[in-house]
Amino acid sequence: VVAVERFRKTPFAAPPRPEGSGSGGPGDEDRFVRVCVRKRPIFKHELEQGEFDVVTCLPGRVVVHDARMHADMTNMFVNHHDFAFDEAFDETVG
């Protein structure tokens, strides 16, 4: 959970997007489909079961924080998986 909070305070830069992928570059005007995502709120019963929020929405991207254990099963680490979308809305959007 600490790693997720640290990421949210200072997120890393998004990976570069290829041309024509919605990056605002050449080729975008020919696109017919836009992909938008909305993150759902975490439910109260999930919090009560010890779950934590593992998705961060940033402008045009979603980061999934994948908590894992080292092989020795004593230390935890987090992988941050970055996904690009035309629009990304967090759980506060109605």
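Here's what I pulled together on the structure shown here. (Residues numbered from 1 in each chain as written. Predicted model: local features only at pLDDT ≥ 70, side-chain atom pairs only at ≥ 80, totals over all residues. Heavy atoms only, no water.)

1. Things to note about the overall build of the chain
Okay, so step 1: The secondary structure content of the chain amounts to 2 helices and 5 strands.
Okay, so step 2: Secondary structure elements of the chain, listed N to C terminal, follow the sequence α-β-α-β-β-β-β.
Okay, so step 3: Buried positions account for 19% of the 94 residues belonging to the chain.
Okay, so step 4: Summarising the internal contacts of the chain: among those between residues at least 6 apart in sequence, 51% fall at separations of at least 24. (Helix = DSSP H or I, 4+ residues; strand = E, 2+ residues; numbered from the N terminus. Buried < 20%, exposed > 50% of the residue type's maximum accessible area, 1.4 Å probe, protein only. Contact = heavy atoms within 4.5 Å.)

2. Quick look at the side chain of His65
Okay, so step 1: Relative to the assigned elements, His65 resides in strand β3 (residues 61–69).
Okay, so step 2: A relative accessible area of 3% places His65 in the buried class.
Okay, so step 3: For His65, the side chain forms a polar contact with the side chain of Thr56, separated by 2.6 Å.
Okay, so step 4: Residues contacting His65, with those up to four places away along its chain left out, are Val4, Phe7, Arg8, Val54, Val55, Thr56, Val78, Asn79 and His80. (Polar contact = N/O pair within 3.5 Å; in protein donor to acceptor, adjacent residues only side chain to side chain.)

3. Describing the sheet that holds strand β4 (residues 76–84)
Okay, so step 1: Spatial strand order, β2-β3-β4: 3 strands in an open sheet with antiparallel pairing. Each edge of the open sheet carries a strand with a single partner, namely β2 (55–58) and β4. The sheet shows a mean angle of 20 degrees between the axes of neighbouring strands, taken without regard to direction.
Okay, so step 2: Bridge count for β2 against β3 is 4 bridges, and the pairing is antiparallel. Across the sheet, residue Thr56 finds its bridge partner in β3, namely Val63.
Okay, so step 3: Of the strands in this sheet, β2, β3 and β4 touch helix α1 (residues 2–9), which is tilted by about 155 degrees from β3. (Pairing = 2+ DSSP bridges. Axes fitted to C-alpha atoms, helices over the stretch in contact; angles between N-to-C directions.)

Taken by themselves, the reported measurements are silent on function.
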